[in-house]
Each structure stands twice: as structure tokens, then as C-alpha cells.
Amino acid sequence: MFLLPLILFNNLIMKLHFVIILLLQCNLYAQAPRDLNFYLAHNQVSVNSKDFCNGKFDAWDDEKTNSIIDSLQTRNDITRPFYIYLVSKILDREATILSASFGALCKNFAESYPDFLMEFLFSKSKMNEKRFLGNWSYQLMMEFLIDCPETEKQCIQHSLQQGLKKCKPANQLQLKKFYTMIQAAL
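Just so we're clear, the structure is a prediction, and the values are computed from it rather than from any experiment. (Residues numbered from 1 in each chain as written. Predicted model: local features only at pLDDT ≥ 70, side-chain atom pairs only at ≥ 80, totals over all residues. Heavy atoms only, no water.)

1. Side note on unusual backbone geometry
In this structure, Glu 150 is a non-glycine residue whose phi angle is positive, near 75°. Within the element layout of this structure, Glu 150 appears in the loop between α8 (130-147) and α9 (152-166). Residue classification places Glu 150 among the exposed residues on the basis of a relative accessible area of 75%. (Helix = DSSP H or I, 4+ residues; strand = E, 2+ residues; numbered from the N terminus. Buried < 20%, exposed > 50% of the residue type's maximum accessible area, 1.4 Å probe, protein only.)

Right, dumping it as C-alpha cells:
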């Protein structure tokens, strides 16, 4: 009489363990961008970022622009794709107006958050524009030319390896394509 409920309970526990293990195996730490209006209405997106997106100021080497660039390092995984979008828009502007450290920040981001960058740059989202991929690869290529004169290819390979360590398998092919674009532009 008590055996049937015990068997059903054990069966339920086993199913629950399976679901938990399955969820733990998934690397769900990056996502494709959402609709632009989602981010503009989000209360954790800075006023500077919203103002830049709405065309209220241009990208310059100033405090407002630097605050947007710094936001790439946010701990908020939900808003990070929006900051990738904004930095991509900044890269689309006159790159010479930005500080020399901008390339290093972009390189650091590519190495530290490769999943977010690849899922944005290779997404089919309306926020992603085809030229963004080229802009990011150009910025990193320039950083390697400045930072590693005469050893650019070795630096590119080292940077790729750093990114691959933090990249989930589903994005590794895109990351390799991205770094191939950088190396081909040398």
C-alpha cells in the first residue's frame, strides 16, 4: 500500500535530478540582443547610453563616451548586449577621436566576454549591422599593430587562445572566424 507512493516519489525525484543536471550542463551566460526599445525602457541602462542611442550627443573622447565604453564591463548580462551595440555604433564613427586605450578595452572585452561579443556580432538581430563585425575586427587589428609591432600574428593567436578558454563550444567557430578576419587584415 505504501510502496506505490514511494515508487512514484522516487520516480519524481529522479526526473528532478535529471532536469537539474541538464540545466547545470547548459552554459546559458550569453544571449542575442533584444529589441532596442527593451533597452531604452530598461531602468538599469544609463541616461548617457540612452542619450547617445537617441542621438543627443556624438562620440568623443570625453566622460560621457567613456562611461558607455566602461559599461561593456557591466555585470548585468541582460543589458550587456545593448552596450555592445553602443560601442559598435561608436566604432562606426570617427575612430581617431577616441583615446588610444579604446583598442585595448575592445581587445580585453573580446578575450573576457567572447560569447557575448560573438552572439551579438553574428546574430540576425535588427540591432546588429553587418559593418559592426568589420569595425570590431579593424579596431582589434589596429590594437595588435600598435601593441605588438612585428609580432602581431603571435599576439592575435594568444588573444584567440585567451578567448577560446572562456568561449562556449557553440561560439568557438565564430570566434575563430573573427580572429581570422583580424589576421587577414594585417
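2. Section: the environment of Lys 126
Looking at the secondary structure, you find Lys 126 in the loop between α7 (114-121) and α8. Expressed as a C-alpha distance, the spacing of Lys 126 and Asp 35, which sit 91 residues apart in the sequence, is 7.6 Å.

3. Brief notes about the environment of Pro 169
Relative to the assigned elements, Pro 169 resides in helix α10 (residues 169-184). Relative accessible area serves as the criterion here: at 65%, Pro 169 is assigned to the exposed category.

4. Side note on the packing of α7 against α10
It is at 9 Å that the axes of α7 and α10 come closest, and there the two elements cross at 80°. On the basis of the axis angle, α7 is roughly perpendicular to α10. Of the residues in α10, those in contact with Pro 114, Asp 115, Leu 117, Met 118, Glu 119 and Leu 121 of α7 are Asn 171, Gln 174, Leu 175 and Phe 178. Its residues assigned to classes, the contact of α7 with α10 comprises 6 nonpolar, 2 polar and 2 charged. (Axes fitted to C-alpha atoms, helices over the stretch in contact; angles between N-to-C directions. Parallel < 35°, antiparallel > 145°, perpendicular 65-115°, else oblique. Contact = heavy atoms within 4.5 Å. Nonpolar A, V, L, I, M, F, W, Y, C, P; charged D, E, K, R; others polar.)

5. Observations regarding the nonpolar core
If you look at the biggest cluster of nonpolar residues, it comprises 42 residues, and the most contacted ones within it are Leu 117, Leu 121, Trp 136, Leu 140, Phe 178 and Tyr 179. Broken down by secondary-structure element, the contributors of at least two residues to this core are α4 (63-70), α5 (80-92), α6 (101-112), α7, α8, α9 and α10. Not counting residues up to four positions away in its chain, the partners in contact with Tyr 179 are Ala 110, Glu 111, Leu 140, Phe 144, Ile 156, Ser 159 and Leu 160. (Core = buried A, V, L, I, M, F, W, Y, C linked by side-chain atoms within 4.5 Å.)

6. Thoughts on the packing of α5 against α6
Two elements in contact, α5 and α6, have axes whose closest approach is 13 Å; the angle formed by their N-to-C orientations is 145°. Both α5 and α6 take part in a crossing whose hand is left-handed. Residues Arg 80, Ile 84, Val 87, Ile 90 and Leu 91 of α5 form the contact with α6, whose own contacting residues are Phe 102, Cys 106 and Phe 109. By residue class, the composition of the contact of α5 with α6 is 7 nonpolar, no polar and 1 charged. (Left-handed = near helix turned anticlockwise from the far one by under 90°.)

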